[in-house]
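Chain by chain, the residues run as shown.
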Amino acid sequence: MKTIAVIGAGTMGNGIAHVFAQNGFQVNLIDIAQTSLDIGLANIAKNLDRMIVKEKISAVDKENTLDNITTFTVLKEGVAQVDLVVEAATENLDIKLGIFKELDEICDAKTLLATNTSSISITQIAAATNRPEKVIGMHFMNPVPIMKLVEIIRGYSTSDDVTQSIMDLSVKLGKTPTEVNDYPGFVANRILMPMINEAIETLYNAVAGVQEIDTVMKLGMAHPMGPLQLADFIGLDVCLSILKVMYNGFKNPKYAPCPLLVNMVMAGKLGVKSGEGFYDYSESRKAEKVANQFS
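Residues numbered from 1 in each chain as written. Predicted model: local features only at pLDDT ≥ 70, side-chain atom pairs only at ≥ 80, totals over all residues. Heavy atoms only, no water.

**Section: the layout of surface pockets**
Here comes step 1: Taken as a whole, the second largest pocket encloses approximately 230 Å³ of empty space.
Here comes step 2: Around the second largest pocket sit 13 residues that line it, and L93, I120, S121, Q124 and V245 are the ones nearest its centre.
Here comes step 3: Considered class by class, the residues forming the lining of the second largest pocket number 5 nonpolar, 7 polar and 1 charged. (1 Å grid on protein atoms, 1.4 Å probe; cavity = no way out; pocket = protein on both sides within 12 Å on 5 of 7 lines; lining within 4 Å. Points joined across faces, edges and corners; volume = space filled by probe spheres on them. Nonpolar A, V, L, I, M, F, W, Y, C, P; charged D, E, K, R; others polar.)

Shown next, in the form of structure tokens:
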């Protein structure tokens, strides 16, 4: 594999494009909006600059990485003659099914199709195509340039050859691929999301406050980040979506989203992306924190 198409220039998409490009692959980064592509490229550049400061790469490495990325706003142009497509669009079943149906129609027969979905059935996505044996889950962790794990999820029809190819490809990216089977939430989110949901339930039941809950998990369980802060960084809407997929898939009440989470998402309190979740990320609060450092 030499040429990779990445669909979606958001947090996960630009991170995936970054990692492939930094490892010498030609990357076609695709999004419907040019502004999204511009923001995605700017974020890649910022992350590369951080790596330069930490002396992990050189300025030449940065230039080469950015030179390996070409942007497209037209899907058909972006996926022409690529070896692999990695879809990293919004975590929405209908959107993903539409994308994969179109990809199946316009991509070369040899092209492999992967999705970065964090919970949606690979088998269901693959069923929208006429090449289910060539469809696979490639679930990167956020932030993609730093996190080593890639969950490799086999759909019901995913072939052994395709699975091995994607496992080998992940190793070339400096990642640690881990093969799992296709059940709601896979492994990472099947374990992580109930923990986050339980932390929200603990807050909802007034057992403790936000900072107290996160402190207990950081200092008592050696987690680098508390579950409520982590939920803010993931996006509360994404957490809710994953829990709904698991609840609908298993019909088990232990996966039912906490009412507080549901209400916060309805209120538009989505975490970092909206400026407020369990913590306040607004510019006014940032200014207040800076002022407090010098008071």
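**So, the UniProt feature "domain: 3-hydroxyacyl-CoA dehydrogenase NAD binding" (unreviewed entry) in the protein**
Here comes step 1: This chain's UniProt record puts "domain: 3-hydroxyacyl-CoA dehydrogenase NAD binding" (unreviewed entry) on residues 3–182.
Here comes step 2: As annotated, residues 3–182 has a helix share of 43% and a strand share of 22%, and its two end C-alpha atoms lie 27 Å apart. (UniProt positions renumbered as here; feature names shortened; annotations may be inferred. Helix = DSSP H or I, 4+ residues; strand = E, 2+ residues; numbered from the N terminus.)

**Notes on the nonpolar core**
Here comes step 1: Within the largest apolar cluster, 34 residues are counted, with the highest numbers of intra-cluster contacts made by I16, F20, L84, V86, M138, F140 and I166.
Here comes step 2: With 6 residues, helix 1 (residues 11–22) is the largest single contributor of residues to this core.
Here comes step 3: If we ignore the near neighbours within four places in the chain, the residues touching F20 are I4, F25, V27, L84, V86, M138, F140, L169 and L173. (Core = buried A, V, L, I, M, F, W, Y, C linked by side-chain atoms within 4.5 Å. Buried < 20%, exposed > 50% of the residue type's maximum accessible area, 1.4 Å probe, protein only. Contact = heavy atoms within 4.5 Å.)

**Concerning the sheet that holds strand 1 (residues 3–7)**
Here comes step 1: Spatially, the 8 strands line up as an open sheet ordered 3-2-1-4-5-6-7-8, and their pairing is mixed. Single-partner strands in this sheet number two, and they are strand 3 (69–72) and strand 8 (176–181). With direction set aside, neighbouring strand axes in the sheet form an average angle of 25 degrees.
Here comes step 2: As paired elements, strand 7 (residues 149–154) and strand 8 share 6 bridges and run parallel to each other. (Pairing = 2+ DSSP bridges. Axes fitted to C-alpha atoms, helices over the stretch in contact; angles between N-to-C directions.)

**Quick word on the UniProt feature "domain: 3-hydroxyacyl-CoA dehydrogenase C-terminal" (unreviewed entry) in the protein**
Here comes step 1: Per the UniProt entry, the sites bearing "domain: 3-hydroxyacyl-CoA dehydrogenase C-terminal" (unreviewed entry) are residues 185–281 in this numbering.
Here comes step 2: The span residues 185–281 is 62% helix and 0% strand, and its two end C-alpha atoms sit 28 Å from each other.

**Let's talk about the side chain of N189**
Here comes step 1: Note that N189 resides in helix 8 (residues 188–204).
Here comes step 2: Apart from residues lying up to four places away in sequence, N189 is in contact with S118, H139, P194, I242 and M246.

**A look at the pattern of salt bridges**
Here comes step 1: In the structure shown here, the tally under the stated rule is 10 salt bridges.
Here comes step 2: A salt bridge links K96 to E87; the nearest nitrogen and oxygen atoms lie 2.4 Å apart.
Here comes step 3: The shortest N-O distance in the salt bridge between R131 and D104 comes to 2.8 Å. Of this pair, R131 sits in the loop between helix 6 (122–126) and strand 6 (135–140) while D104 sits in helix 5 (residues 93–106), and the two are 27 residues apart along the sequence.
Here comes step 4: Judged by relative accessible area, which is 6%, R131 ranks as buried. (Salt bridge = Lys/Arg side-chain N within 4 Å of Asp/Glu carboxyl O.)

**Notes on a positive patch on the surface**
Here comes step 1: Residues K46, R50, K54, K56 and K148 make up a contiguous surface patch of positive charge.
Here comes step 2: Structurally, K56 is set in the loop between helix 2 (34–53) and helix 3 (59–67).
Here comes step 3: Given the relative accessible area of 60%, K56 is considered exposed. (Patch = residues over 30% accessible without salt bridge, like charges linked within 9 Å, V, L, I, M, F, W, Y side chains within 5 Å. Areas by Shrake-Rupley, 256 points an atom, 1.4 Å probe, with all protein chains shown as cover. Lys, Arg positive; Asp, Glu negative; His and termini not counted. Charge placed at Lys NZ, Arg CZ, Asp CG, Glu CD.)

**Overview of helix 9 (residues 210–221)**
Here comes step 1: Between its terminal C-alpha atoms helix 9 stretches 16 Å, which fits the 16 Å expected from 12 residues at 1.5 Å a residue.
Here comes step 2: Against the buried residues of helix 9 lie helix 8 and helix 10 (227–234). (Expected span 1.5 Å × (residues − 1).)

**Remarks on the packing of helix 9 against helix 10**
When two helices pack together, their arrangement is captured by the angle between the axes and the distance separating the axes.
Here comes step 1: Closest axis-to-axis distance for the helix 9/helix 10 pair is 7 Å, and the angle between their directions is 105 degrees. Looking at the two axes, helix 9 sits roughly perpendicular to helix 10. Contacts between helix 9 and helix 10 involve V210, I213, D214 and M217 from the former and P227, L228 and Q229 from the latter.
Here comes step 2: Taken together, the residues that form the contact of helix 9 with helix 10 break down as 5 nonpolar, 1 polar and 1 charged. (Parallel < 35°, antiparallel > 145°, perpendicular 65-115°, else oblique.)

**Quick word on the environment of T90**
Here comes step 1: Tracing the sequence through the fold places T90 in the loop between strand 4 (84–87) and helix 5.
Here comes step 2: Overall, the relative accessible area of 53% leaves T90 in the exposed class.
Here comes step 3: Sequence spacing of T90 and V187 is 97 residues, and the spatial spacing of their C-alpha atoms is 20 Å.
Here comes step 4: T90 has contacts with I95 and K96, leaving out every residue within four places of it along the chain.

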